[in-house]
Structures are given as C-alpha cells and as structure tokens.
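Here is how the chains run, residue by residue.
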Amino acid sequence: MRMLEKDEEEGDIQVSWQDQENINTFSKYNAKLQDLEEAYESKKTEKEYLDDLAMELELADEDEPVKYRIGEAFVSLSLEAAQERISKSQEELDQEIEGLKSQMDEAVEKMDGLKKILYARFGNAINLEKD
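Residues numbered from 1 in each chain as written. Predicted model: local features only at pLDDT ≥ 70, side-chain atom pairs only at ≥ 80, totals over all residues. Heavy atoms only, no water.

Per an unreviewed UniProt entry, the protein goes by the name Prefoldin subunit 4 and belongs to Linnemannia schmuckeri. UniProt, in the comment section headed Sequence similarities (unreviewed entry), describes the protein in these words: "Belongs to the prefoldin subunit beta family." Here the protein is described in UniProt, under the heading Subunit (unreviewed entry), as follows: "Heterohexamer of two PFD-alpha type and four PFD-beta type subunits." (UniProt positions renumbered as here; feature names shortened; annotations may be inferred.)

Trainee: With reference to specific residues and values, describe the packing of helix α2 (residues 17–58) against helix α3 (residues 79–122).
Mentor: Relative orientation of the contacting elements α2 and α3 amounts to 160 degrees, with a least axis distance of 7 Å. In terms of orientation, α2 and α3 fall into the roughly antiparallel class. Note that α2 runs across α3; the crossing there is left-handed. (Axes fitted to C-alpha atoms, helices over the stretch in contact; angles between N-to-C directions. Helix = DSSP H or I, 4+ residues; strand = E, 2+ residues; numbered from the N terminus. Parallel < 35°, antiparallel > 145°, perpendicular 65-115°, else oblique. Left-handed = near helix turned anticlockwise from the far one by under 90°.)

Trainee: Any chance you could break down the pattern of salt bridges for me, citing the residues and the numbers?
Mentor: Applying the stated rule across the entire model yields nine salt bridges. As a salt-bridge pair, lysine 130 and glutamate 37 come within 3.4 Å of each other at their nearest N and O atoms. Within this pair, whereas lysine 130 is found in the segment after α3, its partner glutamate 37 is found in helix α2, the two being separated by 93 residues in sequence. By relative accessible area, lysine 130 is classed as partly exposed at 49%. Between lysine 47 and aspartate 51 there is a salt bridge whose closest N-O contact spans 2.9 Å. Here lysine 47 pairs with aspartate 51, and both are found in helix α2, just four residues apart, close to one helical turn. (Salt bridge = Lys/Arg side-chain N within 4 Å of Asp/Glu carboxyl O. Buried < 20%, exposed > 50% of the residue type's maximum accessible area, 1.4 Å probe, protein only.)

Below, the structure written as structure tokens:
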C-alpha cells in the first residue's frame with residue numbers, strides 16, 4: 001500500500017466549465033485519431049496489395065489480356081492498360097495516406113497541447129494516456 005501525497009489527500013477537485021470543455025475536446029480528438037489510425041492502416045494494407053500486384057504484372061506475358069477488377073466485375077485489359085490503372089491507383093493511395101498522416105499529426109499536436117493544460121490543472125487525478 002502506498003501513502004497518499006498531500007495533493008491526493010485533498011480529494012475532489014473542482015472542474016470548471018472550461019476544464020470540461022477541454023476534456024471533451026481531448027476526447028473528440030482521441031476518437032478522431034483512432035478512426036484515422038484505422039483508416040491509415042487500411043489504406044497502407046491496400047497500398048501493399050497494389051505494390052504486390054504491380055510486381056506480379058511485371059512478370060506477366062504482354063500478349064495475354066489481364067483480368068482487372070472494376071467494382072464487382074472483372075474486365076479484360078491489355079497488360080499496359082492494367083499497369084497504368086494500378087499506377088494511378090497507387091498514386092491516389094499515396095495522396096490519401098499522406099492526407100491521413102497530416103490529419104493524424106494535427107490531432108496529436110492538438111491533443112498534446114490539451115494534455116499539458118489538463119495535467120497542469122489536474123495532475124495525477126486525470127489519465128489521458130492510452131493503455
């Protein structure tokens with residue numbers, strides 16, 4: 001058992017309206033960050049699949065048509081057309097991934113600012129870390 005420090009012995013800390021707003025804002029950014037991380041991992045996995053597909057098409061025979069999936073259907077395309085579509089998809093995914101990274105960085109930056117404010121106000125009485 002550990003002994004309570006002086007500021008822990010006092011018990012209840014008054015939470016002002018502004019403190020509650022900061023806590024709510026932190027919570028919103030935390031939820032947004034989790035959603036962005038999931039989307040980022042999904043896009044990253046999709047990019048890896050496209051990279052693997054591009055490598056496989058490098059080994060394909062140029063004379064045979066390639067079955068390319070568009071929506072729910074497969075369409076026969078020339079090897080060159082399929083490679084162009086995959087390259088375009090890779091570029092689009094790269095842009096989406098970069099956009100997600102910047103949004104994640106922005107959310108983390110704002111959360112760090114709120115952490116400083118909230119920890120300065122509440123000390124050990126509040127836990128803002130992921131476990």
